[in-house]
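Chain by chain, the residues run as shown.
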Amino acid sequence: MHDLLLRAGAPLSGALDVPGDKSISHRAVLLALLADGPCRATGWLDCADTRSSLAAALALGASAAFEHGVLTLTPPPAPPRDDLVLDCGNSGTTARLLLGLLAAWLKPGGPAVTLDGDASLRTRPMARVVEPLRRMGADLSWAGNEGRLPVTVRGAPMRGCTHDLAVASAQVKSALLLAGLGATGITTVRGAAGSRDHTERMLRGMGASSSEPCGSPSVSGPRRLPAFTLAVPGDPSSAAFFQAAAAIIPGSDVTVRGQSLNPTRTGALAVLQHAGALVDLVVQDAAGEVAADAGEPTGSVRVRGRSRIAFAIERPQVPALVDEIPVLAVLATQCAGRSTISGAAELRVKESDRLALLARNLRRLGAAVAERDDGLVIDGPCVLRGGTRDEPLVLETAGDHRIAMAMAVAALITEGETALDDGACVAVSFPGFHEVMECLLGPGAQRRP
Ligand code: S3P
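Bear in mind that the values here come from a model prediction, so they are computed numbers and not experimental data.

Peer 1: What is the right way to look at the overall build of the chain in this model?
Peer 2: Each helix and strand counted, the chain has twelve helices and 22 strands in total. Dimensions of the chain, computed from C-alpha atoms along their principal axes, come out at roughly 60 × 45 × 45 Å. Relative to its full complement of 449 residues, the chain shows a buried share of 60%. Within the chain, contacts between residues separated by at least 24 positions form 76% of all contacts whose residues are at least 6 apart in sequence. Carbon and sulfur atoms provide 51% of the accessible area of the chain, an area that totals close to 16,300 Å². Each charge class in the chain was averaged separately, 43 positive and 46 negative side chains, and the resulting centres sit 3 Å apart.

In structure tokens form, the structure reads like this:
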């Protein structure tokens, strides 16, 4: 028996905090491995994905304590002395950033570390990181299928170089910058314009990174990092599910407090505005702890649902909303006119093939969705229809957290009953998502008795 998803009985209304940013929480752990002393991250996100990074750090010899949202991590005194296998679980960020970090940190001639992951992570492309790292001298070998995890890393002398990325990926960019910290000379990463810049912001705060005039980040190595303290802001990608829900249901009024307003992450808010929602930002100062802070602008975002007008998302916009496309596709089903999402082929190699899964699920709900190689075309508005209490329409997640949460938003406005084949997978990035949604819906929510 699957748990039924909630339906909204009334417009959404309320103010909420969302959990800490996942990308910054991963980086807090991984950069601390290279630091000179104990590091602290307040508001650290405790979820399945960040636990993969933390478990890897502990296996590599770090020690850590986590209390009241504060993670303290003491880096290992030296690289490991024995061969290790690290399980990155479902987390692409853990696997890709560690490939870069380990390639330059392990001792040449010393033990090997093999990175592996779950069935989904084993299907995701790794050559995009492995090939540029090899150009820096990295010793990386495919331990299973070519181009995929598991990958074995051995220490090797590394030299800095200039990379021109084919994919505007923050994970690849960050892996190369982490490798650059352990390599001799200057490492510069070009071609990732518009992708999230948390690694550069953190490194800049520590005096360890600069930018070329055109904005491409550079590091010079070899060097270690100073011990740091940072405050992790709320995750805009988690906030987006509630903000899109507010835009979908006219009359809603939802405020998310303390989220990152980093411009490389707020592309979805511009789409909500374009689609007719009222979006108000109240910017606070960069999240305010001393020393090397995350350097993120933060603030509150109020979204009020009004009209719903079709929108277009094109390639240049994609990096700043790449993880929000699933829920924006749900919004598109309720907008008047034809919405298009293009230049988003990367969605096919995320935790699932998100374009295929979105098209299948939304069509089963009755939406008019055409799938393209690099996007979706959605005609709206249309009425979404589920099943009955005894036979709900069960939506497919493939264990992908963002598909699960996007479908939970679709369920709010679906006539009839819907369920997820795996509601628990939201814990990859947002444990407690269903409960927060229930609070926001209030007593008007209709659910199984
Ligand atoms: C992430 C970058 C994005 C994003 C992922 C997290 C990161 O991937 O989709 O969820 O933390 O760097 P790419 O930039 O590699 O596409």
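There is more to say, and it comes next.
Peer 1: So what exactly am I meant to see when it comes to the side chain of histidine 163 here?
Peer 2: Position of histidine 163 relative to the elements: it lies in strand β9 (residues 162-164). Dropping the residues within four chain positions of it, histidine 163 is found in contact with Pro132, Arg135, Met136, Leu176, Thr187, Thr188, Val189 and Arg190.

Peer 1: So what exactly am I meant to see when it comes to the domain arrangement of the chain here?
Peer 2: Structurally, the chain comprises domain 1 (7-19 + 233-446) and domain 2 (22-225). Placing a centre on the C-alpha atoms of domain 1 and another on those of domain 2 gives a separation of 29 Å. Contacts between the two partners involve 28 residues from domain 1 and, on the opposite side, 27 residues from domain 2. Taken together, the two surfaces of domain 1 and domain 2 that pack against each other cover about 2,100 Å², and 49% of this comes from carbon and sulfur. Sorting the residues of domain 1 by area buried against domain 2 places Arg265, Glu351 and Val428 first, and these three jointly supply 22% of that buried surface. For the pair domain 1 and domain 2, the number of links is three salt bridges.

Peer 1: I keep staring at the site of the ligand and nothing clicks. Help me out?
Peer 2: Every residue close to the ligand is listed here: Ser23, Arg27, Thr93, Ser169, Ala170, Gln171, Arg196, Val322, Asp323 and Lys350. Within the backbone of alanine 170, one N or O atom sits 2.7 Å away from an oxygen atom of the ligand. Within the complex, the protein chains bury 95% of what would otherwise be the 390 Å² of accessible surface of the ligand. Elements with a minimum of two residues in the shell around the ligand: α1 (22-32) and α5 (170-182). Counted by class, the shell around the ligand contains two nonpolar, four polar and four charged residues.

Peer 1: Help me out: how do you make sense of the sheet that holds strand β2 (residues 39-42) in this one?
Peer 2: Within a beta sheet, neighbouring strands are joined by backbone hydrogen bonds and run either parallel or antiparallel to one another. Judged by pairing direction, the sheet is mixed, and its four strands sit side by side in the order β3-β4-β2-β13 without closing on themselves. Looking at the sheet topology across the chains shown, the edges are occupied by β3 (63-67) and β13 (229-231). Going from strand to strand, the sheet's axes swing by 10 degrees on average, the running direction of each strand aside.

Peer 1: I'm lost on the sheet that holds strand β11 (residues 210-211) in this one. Help?
Peer 2: Here four strands make up an open sheet; going across it, the order is β9-β10-β12-β11 and the pairing mixed. Of all strands in the sheet, those with a lone pairing partner are β9 and β11, marking the two edges. Pairing of β11 with strand β12 (residues 217-221), which is carried by two bridges, proceeds in the antiparallel orientation. What sits directly across from serine 210, in β12, is serine 218. The strands touched by α5 are β9, β10 (185-190) and β12; relative to β12, the strand with the most contacts, the crossing angle is about 25 degrees.

Peer 1: Honestly, the packing of helix α7 (residues 236-248) against helix α9 (residues 325-332) in this entry has me stumped. Any pointers?
Peer 2: In helix packing, the relevant descriptors are the interaxial angle and the interaxial distance, both defined with respect to the helix axes. Put simply, α7 and α9 touch, their axes get as near as 10 Å, and they point 5 degrees apart. Considered as vectors, α7 and α9 are oriented roughly parallel to each other. Contacts between α7 and α9 involve Ala240, Phe241, Ala244, Ala247 and Ile248 on the former and, on the latter, Val327, Val330 and Leu331. Considered class by class, the residues forming the contact of α7 with α9 number eight nonpolar, no polar and no charged.

Peer 1: Where do I start with the packing of α9 against helix α11 (residues 401-412) in this structure?
Peer 2: Interhelical geometry of α9 versus α11 gives an angle of 25 degrees and a closest axis separation of 8 Å. Judged on the interaxial angle alone, α11 and α9 are roughly parallel. Considering only the axes of α9 and α11, their crossing is right-handed. Seen from α9, the contacting residues are Pro326, Val327 and Val330; seen from α11, they are Arg402, Ile403, Ala406, Met407, Val409 and Ala410. Residue composition of the contact of α9 with α11, grouped by class: eight nonpolar, no polar and one charged.

Peer 1: Would you take a moment to explain the packing of aromatic side chains for this structure?
Peer 2: To describe a pair of aromatic rings, you give the distance between the ring centres and the angle between the ring planes. Scanning all chains against the criterion turns up five aromatic pairs. Where phenylalanine 241 meets phenylalanine 433, the ring centres are 5.9 Å apart and the plane angle is 75 degrees; that geometry is what we call edge-to-face. Here phenylalanine 241, found in helix α7, pairs with phenylalanine 433, found in helix α12 (residues 433-441); they are 192 residues apart in sequence, far enough to count as distant. Residue phenylalanine 241 shares its accessibility class with phenylalanine 433, and that shared class is buried. Between phenylalanine 242 and phenylalanine 433, the ring centres sit 5.6 Å apart and the planes meet at 25 degrees, which makes this aromatic pair stacked. Here phenylalanine 242 is found in helix α7, whereas its partner phenylalanine 433 is found in helix α12, with 191 residues between them in sequence. Each of the two residues, phenylalanine 242 as well as phenylalanine 433, counts as buried.

Peer 1: Could you clarify how one ought to interpret the pattern of salt bridges in this entry?
Peer 2: Should the charged atoms of two oppositely charged side chains come close, the side chains can pair. One pass over the full model with this rule turns up 25 salt bridges. Glutamate 346 serves as the salt-bridge partner of arginine 128, at 2.9 Å between the closest nitrogen and oxygen. With a gap of 218 residues between them, arginine 128 in helix α4 (residues 127-135) and glutamate 346 in the loop between β18 (337-341) and α10 (354-364) connect regions that are remote in the sequence. Overlapping salt bridges, with partners in common, bring together Arg124, Arg196, Asp323, Glu351, Arg354, Asp400 and Arg402 in one network.

Cut-off values and rules
- Residues numbered from 1 in each chain as written.
- Predicted model: local features only at pLDDT ≥ 70, side-chain atom pairs only at ≥ 80, totals over all residues.
- Heavy atoms only, no water.
- Helix = DSSP H or I, 4+ residues; strand = E, 2+ residues; numbered from the N terminus.
- Buried < 20%, exposed > 50% of the residue type's maximum accessible area, 1.4 Å probe, protein only.
- Contact = heavy atoms within 4.5 Å.
- Areas by Shrake-Rupley, 256 points an atom, 1.4 Å probe, with all protein chains shown as cover.
- Lys, Arg positive; Asp, Glu negative; His and termini not counted.
- Charge placed at Lys NZ, Arg CZ, Asp CG, Glu CD.
- Domains from an automatic or database assignment.
- Buried area = accessible area lost by both parts, 1.4 Å probe.
- Salt bridge = Lys/Arg side-chain N within 4 Å of Asp/Glu carboxyl O.
- Near = heavy atom within 4 Å.
- Polar contact = N/O pair within 3.5 Å; in protein donor to acceptor, adjacent residues only side chain to side chain.
- Nonpolar A, V, L, I, M, F, W, Y, C, P; charged D, E, K, R; others polar.
- Pairing = 2+ DSSP bridges.
- Axes fitted to C-alpha atoms, helices over the stretch in contact; angles between N-to-C directions.
- Parallel < 35°, antiparallel > 145°, perpendicular 65-115°, else oblique.
- Left-handed = near helix turned anticlockwise from the far one by under 90°.
- Phe/Tyr/Trp six-rings, centres within 6.5 Å; stacked < 30°, edge-to-face > 60°.

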